[in-house]
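Examination of the molecular architecture
Next come the chains, spelled out residue by residue.
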Amino acid sequence: MSAKMVRLHRVGKQYSETRYALRDVSFDLERGEFAYVTGINGAGKTTLLKLLFAMERASSGSIVVNSRDISDISRSRIPQYRREVGFVFQDFKLLPDLNVFDNVALPLEVRKMTQGEIEHRVRGVLSLVGLEDRRKDFPLTLSGGEQQRVAIARSIVGKPALLLGDEPTGNLDNRTAREIMALFREIHTMGTTVLIATHDENLMDEFPSRVIELEHGVMIADRQQGWT
Amino acid sequence: MRNLRGLRRILLDFKRHPWLHLISLSTISVALVILGIFLICYRNFERIAETTNPNTTGTIYLQENLTAGQVQFLKERILALENVQRVTFKTKDTVLRELSAFLGSADNEPITPGELFPDVLEIELKRDAPSSAVTILKATLTQYPEVTESDFSEDWLAQYKKLRNLFRWVGIILIAGTVLGCAFLIANFMGMRHQQRKSEIDIVRLIGANQQFVMSPFLWEGVIEGCLGTLSALIALVVIRRMITALGPTEWSSVLGVQNWLFLSPLQLLFFVVLGISMAFLGSIGVFLRFRENVK
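Below: a short report on this structure. The model shown is predicted, which means the values in this text are computed figures rather than measured ones.

1. Examining the packing of helix α3 (residues 100–110) of chain A against helix α5 (residues 144–156) of chain A
All names here are of chain A.
- Contact geometry for α3 and α5: axes closest at 7 Å, N-to-C directions at 30°. The orientation of α3 with respect to α5, classified from their angle, is roughly parallel. The two elements α3 and α5 cross, and the hand of that crossing is right-handed. Contact with α3, carried on its side by V100, N103, V104 and P107, involves V150, A153 and R154 of α5 and no other residues of that element.
- Within the contact of α3 with α5, the residues separate by chemical class into 5 nonpolar, 1 polar and 1 charged.

2. Examining the side chain of N103 of chain A
- Position of N103 of chain A among the secondary structure elements: in helix α3.
- The residues touching N103 of chain A, leaving out its near neighbours within four places in the chain, are L94, L95, L98, P139, V150 and R154 of chain A.

3. What about the sheet that holds strand β2 (residues 84–90) of chain B?
All names here are of chain B.
- Pairing is antiparallel across the open sheet formed by 4 strands, whose spatial order is β2-β3-β1-β4. Edge positions in the open sheet fall to β2 and β4 (147–152), since each of these has one partner strand only. Within this sheet the neighbouring strands show an average axis-to-axis angle of 20°, counted without direction.
- As paired strands, β2 and strand β3 (residues 120–125) are joined by 6 bridges and run antiparallel to one another. Within β3, the residue paired with T88 across the bridge is E122.
- The strands touched by helix α3 (residues 68–79) within the sheet are β1 (57–62), β2, β3 and β4, with β2 carrying the most contacts at an inclination of about 165°.
- Contacting β1, β2, β3 and β4, helix α6 (residues 132–141) crosses the sheet at an angle of about 170° to β4.

4. What about helix α6 (residues 174–189) of chain A?
Residues and elements named next belong to chain A.
- Taking 1.5 Å of rise per residue, the 16 residues of α6 would be expected to cover 22 Å, and the 22 Å separating its terminal C-alpha atoms lies within 8% of that figure.
- The distance from a side-chain oxygen at the start of α6 to the backbone nitrogen of R175 is 3.1 Å, and the residue carrying that oxygen is D173.
- Following α6 by one or two positions, G191 adopts a phi angle in the positive range, close to 110°.

5. Some remarks on a nonpolar patch on the surface
Residues and elements named next belong to chain B.
- Together, L231, I235, V239, M243 and L247 make up a nonpolar patch on the protein surface, roughly 510 Å² of accessible area in all.
- Along the polypeptide, I235 turns up in helix α9 (residues 211–247).
- Judged by relative accessible area, I235 falls into the exposed class, the value being 51%.

6. A closer look at the nonpolar core
All names here are of chain A.
- Counting residues in each nonpolar core, the largest one holds 38 residues, and the members touching the most others are Y36, V104, V122, L126, M181 and F184.
- Among the secondary structure elements, those contributing two or more residues to this core are β3 (34–38), α3, α4 (115–128), α5, α6, β8 (193–197) and α7 (201–206).
- Element by element, the count of residues in this core is highest for α6, at 6 residues.
- Sequence-distant contacts of V122, defined by excluding residues within four places in its chain, comprise F101, V104, A105, L108 and V157.

7. Some details on the interface of chain B and chain A
- Taken together, the contacts link 19 residues of chain B with 25 residues of chain A.
- Interface area, chain B with chain A, both sides summed: about 2100 Å², of which 61% is carbon and sulfur.
- In this assembly, chain B and chain A are joined by 2 residue pairs in polar contact (both at pLDDT 80 or more).
- Those elements giving two or more residues to the side of chain B that touches chain A turn out to be α1 (2–16), α8 (198–206) and α9 of chain B.

8. Quick word on the packing of α5 of chain A against α6 of chain A
All names here are of chain A.
- At a closest axis distance of 10 Å, the pairing of α5 and α6 adopts a crossing angle of 15°. The orientation of α5 relative to α6 falls into the category roughly parallel. The hand of the α5/α6 crossing is right-handed. Listed contacts from α6 to G145, Q148, R149, I152 and I156 of α5 are T176, E179, I180, L183, F184 and I187.

9. Observations concerning the pattern of salt bridges
- Under the counting rule described, the total for this entry stands at 25 salt bridges over all chains.
- Note that D222 of chain A and R210 of chain A form a salt bridge whose closest N and O atoms lie 2.8 Å from each other. Of this pair, D222 of chain A sits in strand β10 (residues 218–224) while R210 of chain A is found in strand β9 (residues 210–215), placing the two residues 12 residues apart along the sequence.
- Of the residues examined, D222 of chain A reaches a relative accessible area of 39% and is grouped as partly exposed.
- Since its relative accessible area comes to 12%, R210 of chain A is described here as buried.
- E64 of chain B serves as the salt-bridge partner of K92 of chain B, at 3.1 Å between the closest nitrogen and oxygen.

10. Observations concerning the environment of E167 of chain A
Residue and element names in this part refer to chain A.
- Checked against the element boundaries, E167 lands in the loop between β7 (162–166) and α6.
- Judged by relative accessible area, which is 9%, E167 ranks as buried.
- Along the primary structure E167 and I196 are separated by 29 residues, whereas in three dimensions their C-alpha atoms are 7.0 Å apart.
- Other than its neighbours up to four places away in sequence, E167 contacts K45, Q90, A197, T198 and H199.

11. Focus on the environment of F138 of chain A
Residues and elements named next belong to chain A.
- Here F138 is to be found in the loop between α4 and α5.
- Residue F138 is classed as partly exposed on the basis of its relative accessible area of 37%.
- Other than its neighbours up to four places away in sequence, F138 contacts P96, D97, L98 and N99.

12. Quick look at the packing of aromatic side chains
Residue and element names in this part refer to chain A.
- One pass over the full model with this rule turns up 3 aromatic pairs over all chains.
- Seen in terms of ring centroids, F34 and Y36 are 5.4 Å apart; in terms of plane orientation they differ by 75°. Their pairing is edge-to-face. Each member of the pair F34 and Y36 is classed as buried.
- Geometrically, the ring pair formed by F53 and F87 is tilted, given 4.8 Å between the ring centres and 55° between the ring planes. Here F53 is found in the loop between α1 (45–52) and β4 (60–65), whereas its partner F87 is found in strand β6 (residues 85–88), with 34 residues between them in sequence.
- The residue whose ring lies beneath R23 is Y20, and the NZ or CZ to ring-centre distance is 3.8 Å.
- A cation over an aromatic ring shows up here: K93 above the ring of F89, its NZ or CZ 5.3 Å from the ring centre.

13. As for the side chain of S29 of chain B
Residue and element names in this part refer to chain B.
- Following the sequence through the fold, S29 ends up in helix α2 (residues 18–51).
- A residue is classified by how much of its surface remains accessible, and S29, at 11% relative accessible area, is buried.
- When residues no more than four places from it in sequence are discounted, the contact partners of S29 are G229, S232 and A233.

So, how was this worked out
Residues numbered from 1 in each chain as written. Chains lettered and ligands numbered in written order. Predicted model: local features only at pLDDT ≥ 70, side-chain atom pairs only at ≥ 80, totals over all residues. Heavy atoms only, no water. Axes fitted to C-alpha atoms, helices over the stretch in contact; angles between N-to-C directions. Helix = DSSP H or I, 4+ residues; strand = E, 2+ residues; numbered from the N terminus. Parallel < 35°, antiparallel > 145°, perpendicular 65-115°, else oblique. Left-handed = near helix turned anticlockwise from the far one by under 90°. Contact = heavy atoms within 4.5 Å. Nonpolar A, V, L, I, M, F, W, Y, C, P; charged D, E, K, R; others polar. Pairing = 2+ DSSP bridges. Expected span 1.5 Å × (residues − 1). Polar contact = N/O pair within 3.5 Å; in protein donor to acceptor, adjacent residues only side chain to side chain. Patch = residues over 30% accessible without salt bridge, like charges linked within 9 Å, V, L, I, M, F, W, Y side chains within 5 Å. Areas by Shrake-Rupley, 256 points an atom, 1.4 Å probe, with all protein chains shown as cover. Salt bridge = Lys/Arg side-chain N within 4 Å of Asp/Glu carboxyl O. Buried < 20%, exposed > 50% of the residue type's maximum accessible area, 1.4 Å probe, protein only. Core = buried A, V, L, I, M, F, W, Y, C linked by side-chain atoms within 4.5 Å. Buried area = accessible area lost by both parts, 1.4 Å probe. Phe/Tyr/Trp six-rings, centres within 6.5 Å; stacked < 30°, edge-to-face > 60°. Lys NZ or Arg CZ within 6 Å of the ring centre and 35° of its normal.

All we've got here are geometric facts, nothing functional implied.
Structure below.
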């Protein structure tokens, strides 16, 4: 198995003849690495994550994730692929009619796990995100930070090889955002490769790591935060 | 346990969108009640037709003064012809008695048999005899010197066959129309629910659900709606039949020879249940096909 978790080679995404979202973006992510993708609005951060999560297809270049080429992955294989990758959204994307436990359990139900396994795993991740005592509560009764914790728990409950976050702290206050980022770092220390899209410089300063910077769809920097 | 979770999700949707489910269910019920009434009428029509003997019958008028031996010989020859089921000899006196009884004219001025009726042979064709059999038979009978004239009930039979065919076609069109119409309506109602649940479906897709996982609640909802719709339609039909039996004029019964209206036969019942579930299932498939693109 390759040491690289993610390999992007000259990846481009073009929506029309004149409209590019990404141009010739190339970088690698090592297994177990933690990195940020940053840039102003419209820089292409979300598009990049969508390509990595097979929500969109690259117009050019190649994308290899966990030794699997997803550049032209067939539609029937996408569900299986998504079970290997966790995704945390800015707007949480929780199901309001399901309680915390059931929301977190959903990826395991999709995998057709037994009830015992589901219980065990969900309890474990809820404990990790500090929400074990809220397992029966519904999302709308939770604060933004708690909802994002549930979303993180749901994204890691399937033990993904790669965890993606698209502005996961974008809807949260500073203190809660720091707590959430600390949670991502904790998940990273457990061996998961993490790639977070954010434009929050303060957070990147507080939790320094590798930063891939995009501007108008072009990668303009690949640096270690705190270095010059 | 896993299935129970799936069932719980379905029941949750019934709770969330009770009106949409109720409309779908009512659509199935109403369609099935219309169809059920037709099937009950058809079944009872068939029974009436059975009791009124739909076989082609005819009367062969004989020459005067035939001997018993000549009549017997003629009977045997006619019985030997193709498509003939039965031949009965009736004297002019018998014919007159039957006519008087039919007209209720026993007290009227007596009719002299010799003035009106000759002796006759009553002939009954086999049930599966083709309509061309009457023409052939009539042509054959004109060649027999003992026969003066023959008269068959082909007009009545033709009318009966036309009516029966009409019933069948109406039935087929009604069933096809009901199935397609209901499936279309149900697909639309389910489509509305699908739209309402689009964000939920998108989320489930994002966590790695395949088409089967996404769509199975819709298919199961369809089956549940189909079962409930069929059950309520059956209850409604039982009530309707009881009302018809209780309120229907007894004269009809005696005229038609029907004492009570039959309900659906076991085969019809089976068809009814399968149809009810199929309609809902087809509706679900409609949603599936309509939103297939979204589920990729």
